[in-house]
Structures are given as C-alpha cells and as structure tokens.
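Examination of the molecular architecture
Okay, here's what each chain looks like letter by letter:
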Amino acid sequence: MKSGIKVKFWGVRGSIPTPGVKYVKYGGNTSCVEILLPNDMLFIFDAGTGIRELGNSLLKNGKKQKVYIFLSHFHWDHIQGLPFFVPSYQEGNEINILGMNTREARLDKIISNQMESVYFPVRLQSLKAKIKFQVLTEGKLCIDDATINTIYTNHPGMSMGYVITIGKTKIGYFTDNEIVPIPLWSEDTSSLKYQLDMTTKMIALLRDADLLIHDAQYTTEEYRHKVGWGHSSIPEVVSLAMEARVKRLALFHHDPDRFDDHIDVLVANCKEVLNDLPLECFAAHEGMEIHF
C-alpha cells in the first residue's frame, strides 16, 4: 500500500555548483532534497542552490506555504540557495529553519549574516514571510505525524544527520559525513570511541530504512588523499547501508570533478559488487522522484 510520501532531489552536487554539459544527467546544483508528506506538509533538507528551483515550483500552486528547512550544517554549498528561495519573499508564508547552533554563532545569526549587505542586497529582516528558527541538538522531535531523529555526524565544524519516520516509512539523510575505515581510525582512544559510538547510533537509527541518502563523494583511492575532509568513500557507504539492512541507497553529494560518465561507472561498479544482495544502489540526480 502506498503511503503518499514523495522524495524529490533538487540538488545533489557537493562543494560547489557545477554548470556545464558534462553535468547534465546528474545535475550541478548543490544539496537540496524535498520530502512531501501525505498531508502536503513540506520538509526540505539543506538549502544549497537546488532550493531556488524548488521555490520557483512552489509558486505555481498559488497556495500559502508553510515549510520546514532542516540544515545539516552551514558550509556554503548547503545554505547558499536560501536567499534565492522565493517563498521567503511572500507575505503569508511561514518558513521554519531548523539546525544547530555552533560554538561561534547562533543559528539565526549564521543565516542572517550571509544576507548582510556586504554579501547580498536583501537583508533577512526585509523578507515578507514569517521566518522562524528552531535550534536542534542530538535527539528526537515530532512534527505532526513525522518523527525526526537527529544525530551529530563526522564533518569539520560539525554536521547533523536526520532520520525521518512517517508511519511505516523511514528515510535517512546523511550528507557530509565521513565514515572512517577501521584501519584509518586514530590511535587516540577518544577519537576511536567517538567513531564507534557514532557508527553504532547511525546503524541503530537506520535499521531497515526504506531509503538512505548518504554522502558518497570519493572513491577508495581518492579518500586516501582526503582523510579528515568530512566525506565518505562509496564502499564504506555501501557497507553501512548493508549493515543497517537499508532497502535503497542513494549516493549523494557528488564530487564537483565527477562528470556524468564517471558517476555511471561508479554506480555500475556498485551494482556488480552487490550482485543479488537485497540493496538497491543508485546515484541521485536532479529531478529524481521516489514515491512511497
């Protein structure tokens, strides 16, 4: 039986937008994923450049909008589309922005800072929609019929992953998360304990998930040269998904130097490794929709 939940990818690229003919199939916009619930409640995960087209699409239905934007963290490729989200400029809309505070600044200050006049011509305080902020920590919150579990992930400056459960449907969103292979774990016992605890928590939260959207920016060889950059290799992501018995895995946050044909090869390699194992693995692309 269909649950009426829709997942749509509006931006799947990592680090920096990548326009050009070599990025047509998978897209060049940075991270933004829409989850539309059966009651038309709209969750948006990250506000990279992909959120601009999502906002434009929302104008077409002519309705007042109440949306929840969950931010994983505040690196540019995850917030740079927020000033171009047109529902924010319309009176009567309500935009809820959820994310962490950092050691350096509060959530609301981080978002308003990027719209100061030195960076952008319109200040946050000038937006006509009602803008609300909700600070998240690791734990659980409920919004109507949805339960959202939050967990800190392994990324410079901190990042947050989300597991969304609506009825019997479970979806994980983990971008900018570095799964460190066991041989590369630090000899520092505190670091090792953190890695083990985080991975154990992730597996428990993701157990039997219907869909996992996860950072898969590097190949194994690339990762050897970029340990500590906060991104995962594809084999480690596949192993995590298998350990958690995830049904479908969406490779996400594609490297900006990864052309369409490169991604095709990596996906083909994953499928060959998985063979008949019960895990569907694919690369997310702009415009892709998954219905539950």
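Parameters and conventions
Residues numbered from 1 in each chain as written. Predicted model: local features only at pLDDT ≥ 70, side-chain atom pairs only at ≥ 80, totals over all residues. Heavy atoms only, no water. Helix = DSSP H or I, 4+ residues; strand = E, 2+ residues; numbered from the N terminus. Contact = heavy atoms within 4.5 Å. Core = buried A, V, L, I, M, F, W, Y, C linked by side-chain atoms within 4.5 Å. Buried < 20%, exposed > 50% of the residue type's maximum accessible area, 1.4 Å probe, protein only. Salt bridge = Lys/Arg side-chain N within 4 Å of Asp/Glu carboxyl O. Phe/Tyr/Trp six-rings, centres within 6.5 Å; stacked < 30°, edge-to-face > 60°. Pairing = 2+ DSSP bridges. Right-handed = clockwise from strand over helix to strand, strands pointing away. Expected span 1.5 Å × (residues − 1). Arc of directions from axis to C-beta.

Structural notes on the side chain of serine 88
Mapped onto the secondary structure, serine 88 falls in the loop between α2 (76-79) and β5 (94-99). When residues no more than four places from it in sequence are discounted, the contact partners of serine 88 are Ile95, Leu127, Lys128, Ala129 and Ile131.

A short note on the nonpolar core
Core analysis: the biggest nonpolar cluster contains 34 residues, and Val7, Phe9, Phe43, Phe70 and Ile213 have the highest contact counts within it. It is strand β9 (residues 159-166) that provides the largest number of residues to this core, a total of 4 residues. Within the second largest apolar cluster, 26 residues are counted, among which are Val67, Phe74, Ile95 and Ile110.

Digging into the pattern of salt bridges
Scanning the model with the defined rule gives 13 salt bridges in all. Residue arginine 106 pairs with aspartate 108 through a salt bridge whose shortest N-O separation is 3.1 Å. The partly exposed category is assigned to aspartate 108, whose relative accessible area is 27%.

Re the packing of aromatic side chains
The description of an aromatic ring pair uses the distance of the two centres, along with the angle that the planes make with each other. This structure, assessed with the given rule, holds 10 aromatic pairs. Following the ring pairs from residue to residue traces out a cluster consisting of Phe9, Phe43, Phe45, Tyr68, Phe70, Tyr162, Tyr173 and Phe252.

Quick word on the pairing of strand β4 (residues 66-70)
Within β4, 4 of the 5 residues are buried, which leaves the element mostly enclosed by the surrounding structure. Where strand β3 (residues 42-45) and β4 come together, 4 bridges link them in parallel fashion. Bridged to phenylalanine 43 within β4 is tyrosine 68. With helix α1 (residues 50-59) bridging β3 and the parallel β4, this β-α-β connection has right-handed handedness. Of the strand pairs in this sheet, β4 and β5 are connected by 5 bridges, and their pairing is parallel.

Quick word on helix α7 (residues 260-274)
Taking 1.5 Å of rise per residue, the 15 residues of α7 would be expected to cover 21 Å, and the 21 Å separating its terminal C-alpha atoms lies within 8% of that figure. For α7, the complete set of buried residues consists of Asp260, Ile263, Leu266, Val267, Cys270 and Leu274. Along α7, the residues classed as buried sweep out an arc of 125 degrees about the axis, all on the same side. Exposed residues pointing more than 90 degrees away from the buried face of α7 are listed as Glu272 and Val273. Among the structural elements, α6 (234-243), β12 (248-252) and β13 (280-283) are those in contact with the buried residues of α7. Phi turns positive one or two residues past the end of α7, at asparagine 275, with a value near 50 degrees.

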